[in-house]
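# Commentary on secondary and tertiary structure
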Amino acid sequence: IPAENILNSDLFPTVIIGHDLMISLGLNIGDSLTLVSTVPDDGPGGIAPSQFPVVIAGTINSGSFAFNQKVVLSSLKVANLFFQTQNNWLGLQLKLKQPLEADKISKELDKIINPLGFRAKPWTESNSALLKTLTLERWGMSFVMMMIILVGCFSISISLLLSIRRKSSEMAILRSMGFE
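This part is about the overall build of the chain. Secondary structure summary: the chain contains seven helices and four strands in total. For the chain, the N- to C-terminal ordering of α and β elements is α-β-α-β-β-α-β-α-α-α-α. Since a compact globule built from 180 residues should have a radius of gyration of about 16 Å, the 32 Å found for the chain marks it as more spread out than a globular shape. On the principal axes, the C-alpha backbone points of the chain span a range of 110 × 45 × 35 Å. Burial status across the chain gives 17% buried among its 180 residues.

In structure tokens, the structure reads:
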């Protein structure tokens, strides 16, 4: 079935998967794929993971291998079919023009959505391990640069002191010969 027919069809639930995931599975656009849920389903044969066949409608390449190995994007309709829920969603992401104000905006959103049973989580909380790593790296690089500068200063001062000492003996010889 050509991929453009799949995208326009309501017969096939379609997904978009990461480029590296598609390559590692040896799939192409238009191939079928079975999604398996980790939530067990009570079926006729007992408890088993639920399976859901989908068709690959496209691929996404973010440039990050780790992200491209894991991502499977679908419409809300397909996700509700897979998770066997109706008109349900688990989260919402906002793209901010000023990402450094995420903490302030999440606090304002919390006031609105907490009574509904939801919570706003800023990107700084979601990526706290990355931010701590970057802070540690910055301090480490500052320490290394400080040590490099300190060693450079010591070596310059030592070379100046040694040259002065060497020149002072030469100056003493020249003075004894009568030069001023």
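What follows deals with the pattern of salt bridges. All chains considered together, the criterion is met by two salt bridges. Across the pair K104 and E101 runs a salt bridge, and its minimum N-O distance is 3.9 Å. Here E125 and R119 are joined by a salt bridge, their closest N and O atoms 3.1 Å apart.

Attention now moves to the environment of Q86. Tracing the sequence through the fold places Q86 in the loop between α4 (76–83) and α5 (102–113). Remark: the alpha-carbon pair of Q86 and L96, spanning ten residues in sequence, is separated by 29 Å.

The next point concerns the side chain of N68. Along the chain, the position of N68 falls in helix α3 (residues 65–68). Among the residues examined, N68 registers a relative accessible area of 0% and is labelled buried. Beyond its immediate chain neighbours, meaning those up to four positions away, N68 contacts G18, H19, D20, L21, I60, N61, S62 and G63.

The next point concerns α4. Looking only at α4, the buried set comprises V78, N80 and F82. A positive backbone phi angle near 55° is found at Q84, which sits one or two residues after α4.

Attention now moves to the packing of aromatic side chains. Scanning the model with the defined rule gives one aromatic pair in all. Taken together, a centroid distance of 6.0 Å and an interplanar angle of 55° make the contact between F52 and F82 tilted. Of the two residues, F52 is situated in strand β3 (residues 46–60) and F82 in helix α4; the sequence distance between them amounts to 30 residues. F82 matches F52 in its accessibility class, with the two residues each being buried.

For the rest of this paragraph, the subject is a nonpolar patch on the surface. Together, F143, V144, M145, M146, M147, I148, L150, F154, I158 and L162 give the surface a local cluster of nonpolar side chains, amounting to about 960 Å² of exposed area. Examined against the element boundaries, V144 turns out to sit in helix α7 (residues 128–176). For V144, a relative accessible area of 39% gives the class partly exposed.

Procedures and definitions
Residues numbered from 1 in each chain as written. Predicted model: local features only at pLDDT ≥ 70, side-chain atom pairs only at ≥ 80, totals over all residues. Heavy atoms only, no water. Helix = DSSP H or I, 4+ residues; strand = E, 2+ residues; numbered from the N terminus. Rg over C-alpha atoms; globule rule 2.2 N^0.38 Å. Buried < 20%, exposed > 50% of the residue type's maximum accessible area, 1.4 Å probe, protein only. Salt bridge = Lys/Arg side-chain N within 4 Å of Asp/Glu carboxyl O. Contact = heavy atoms within 4.5 Å. Phe/Tyr/Trp six-rings, centres within 6.5 Å; stacked < 30°, edge-to-face > 60°. Patch = residues over 30% accessible without salt bridge, like charges linked within 9 Å, V, L, I, M, F, W, Y side chains within 5 Å. Areas by Shrake-Rupley, 256 points an atom, 1.4 Å probe, with all protein chains shown as cover.

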